[in-house]
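# Architecture and fold: a report
Take a look at the letters that make up each chain.
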Amino acid sequence: MKRTLLLVALMITSMMNAVQAEDVFTTKNGKKVEFVAVKHASIRIIYDDKEIEIDPVTKLPPVTDYATFPKADYIFVTHEHFDHCDAEAVKALSKEGTKVVANANSAKILGLGEVMKNGDKKQLAPDITVEAVPAYNTSEGKTQFHPQGRDNGYILSLDGFRIYIAGDTEDIPEMANVSDIDVAFMPCNQPFTMLPQQLAKAAAMVKPKVLFPYHLSETSVDEICAQLQGLDIDTRIRSYK
């Protein structure tokens with residue numbers, strides 16, 4: 001009976017720790033980088049008192065009231081699909097001096113933003129750089145969703161801490177050129193992005209220290225974890241349905 005109660009207590013403690021887990025990292029100079037899962041492909045990053053928002057979207061369930069969020073210093077938009085590009089969210093997060101970075105079509109929809117195309121690099125601050133990298137579909141019958149050359153992934157460097165935000169993509173050969181990644185966000189939902197098997201191939205190419213599968217939709221988390229076994233990558237599942 002005591003052993004059973006102990007096992008139950010350990011299980012409850014483990015569950016509580018999982019719920020309360022904070023994804024906080026430290027740069028080489030001791031600056032804090034914190035990741036907050038908003039939903040789907042929407043990520044909040046807090047770095048050295050700066051607010052960074054990735055693909056903020058308001059009305060995609062669950063509805064997010066960005067008016068309650070801190071105003072953003074930087075907003076990155078990967079592409080123009082409604083679940084990534086939302087003028088209402090960008091407006092709610094913007095203040096004087098907010099820098100919005102987007103691909104060309106998203107900038108047209110938003111009516112603002114610094115346009116980046118694949119291969120472009122920008123120095124946004126002395127300790128912040130961003131590179132736009134390819135994100136596209138390769139599978140037969142799916143290339144119309146995200147055609148090559150249109151959309152962006154981003155490699156964001158914060159005081160040398162490198163974050164790969166893959167955007168909507170499959171396991172494309174250009175991922176072999178993405179290196180020294182501390183944290184990666186990679187999508188896993190067919191028919192629009194990757195199958196779990198493709199996610200495993202992508203992760204093996206990039207070799208991030210920490211991987212957050214995101215944009216999951218109805219993808220089986222168990223299958224994702226099974227495919228990633230043996231890669232020696234710290235994989236963290238958060239609320240990115």
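Residues numbered from 1 in each chain as written. Predicted model: local features only at pLDDT ≥ 70, side-chain atom pairs only at ≥ 80, totals over all residues. Heavy atoms only, no water.

The helix and strand inventory of the protein stands at five helices and 14 strands. The globule rule puts the C-alpha radius of gyration for 241 residues at 18 Å, and the 18 Å found for the protein is close to it. Taken over the C-alpha atoms alone, the protein extends approximately 65 × 45 × 35 Å along its principal axes. At a minimum sequence separation of 6, the contacts of the protein that also span at least 24 residues come to 55%. On the protein, roughly 11,600 Å² of surface is accessible, and the fraction owed to carbon and sulfur atoms is 54%. Charge centroids of the protein, computed over 26 positive and 33 negative side chains, lie 3 Å from each other. (Helix = DSSP H or I, 4+ residues; strand = E, 2+ residues; numbered from the N terminus. Rg over C-alpha atoms; globule rule 2.2 N^0.38 Å. Contact = heavy atoms within 4.5 Å. Areas by Shrake-Rupley, 256 points an atom, 1.4 Å probe, with all protein chains shown as cover. Lys, Arg positive; Asp, Glu negative; His and termini not counted. Charge placed at Lys NZ, Arg CZ, Asp CG, Glu CD.)

Here we come to the pattern of salt bridges. Two side chains with opposite charge may pair up if their charged atoms get near one another. A complete count under the given rule lists 13 salt bridges for this structure. A salt bridge links Asp73 to Lys95, with the nearest nitrogen and oxygen atoms 3.0 Å apart. Within this pair, whereas Asp73 is found in the loop between strand S4 (50-54) and strand S5 (74-77), its partner Lys95 is found in the loop between helix H2 (87-93) and strand S6 (99-102), the two being separated by 22 residues in sequence. Owing to a relative accessible area of 37%, Lys95 belongs among the partly exposed residues under this scheme. Between Asp234 and Arg236 there is a salt bridge, and its shortest N-O distance comes to 2.9 Å. (Salt bridge = Lys/Arg side-chain N within 4 Å of Asp/Glu carboxyl O. Buried < 20%, exposed > 50% of the residue type's maximum accessible area, 1.4 Å probe, protein only.)

Attention now moves to the sheet that holds strand S9 (residues 128-135). Taken in spatial order, the seven strands line up as S8-S9-S10-S11-S12-S13-S14 in an open sheet, and their pairing is mixed. The open sheet has two edge strands with one neighbour each: strand S8 (121-125) and strand S14 (234-235). Taken together, the three bridges between strand S11 (residues 161-165) and strand S12 (residues 183-187) define a ladder with parallel strand orientation. Bridging from a neighbouring strand, Ile165 pairs with Phe185 of S12. (Pairing = 2+ DSSP bridges.)

What follows covers unusual backbone geometry. Residue Pro61 is joined to Pro62 through a cis peptide bond whose omega torsion reads -5 degrees. Residue placement: Pro62 occurs in the loop between S4 and S5. Located in the positive-phi region is Asp55, a residue other than glycine, with phi close to 45 degrees. You can see Asp55 is positioned in the loop between S4 and S5. Accessibility expressed as a relative area gives 0% for Asp55, which makes it buried. The phi torsion at Asp180 lies on the positive side, around 55 degrees, for a residue other than glycine. Following the sequence through the fold, Asp180 ends up in the loop between S11 and S12.

Another point: the nonpolar core. Membership of the largest hydrophobic core comes to 30 residues, with the highest contact counts inside it found for Phe35, Ile45, Phe76, Ile163 and Phe185. Those residues in contact with Ile45, other than ones at most four positions away along the chain, are Val33, Glu34, Phe35, Lys50, Glu51, Ile52, Ile54, Leu156, Leu158 and Ile163. Grouped together as the second largest cluster of nonpolar side chains are 23 residues, Cys188, Met194, Leu216 and Leu228 included. (Core = buried A, V, L, I, M, F, W, Y, C linked by side-chain atoms within 4.5 Å.)

Within a sheet, each strand pairs with its neighbour through backbone hydrogen bonds, oriented either parallel or antiparallel. Overall, mixed pairing links the seven strands, which are arranged S1-S2-S3-S4-S5-S6-S7 in an open sheet. The open sheet has two edge strands with one neighbour each: strand S1 (23-26) and strand S7 (114-115). In the sheet, S1 pairs with strand S2 (residues 32-39) via four bridges, with the strands oriented antiparallel. Among the inter-strand pairings, Thr26 is bridged to a residue of S2, identified as Lys32.

It is worth stressing that arrangement in space is one thing and function is another; only the former is reported here.
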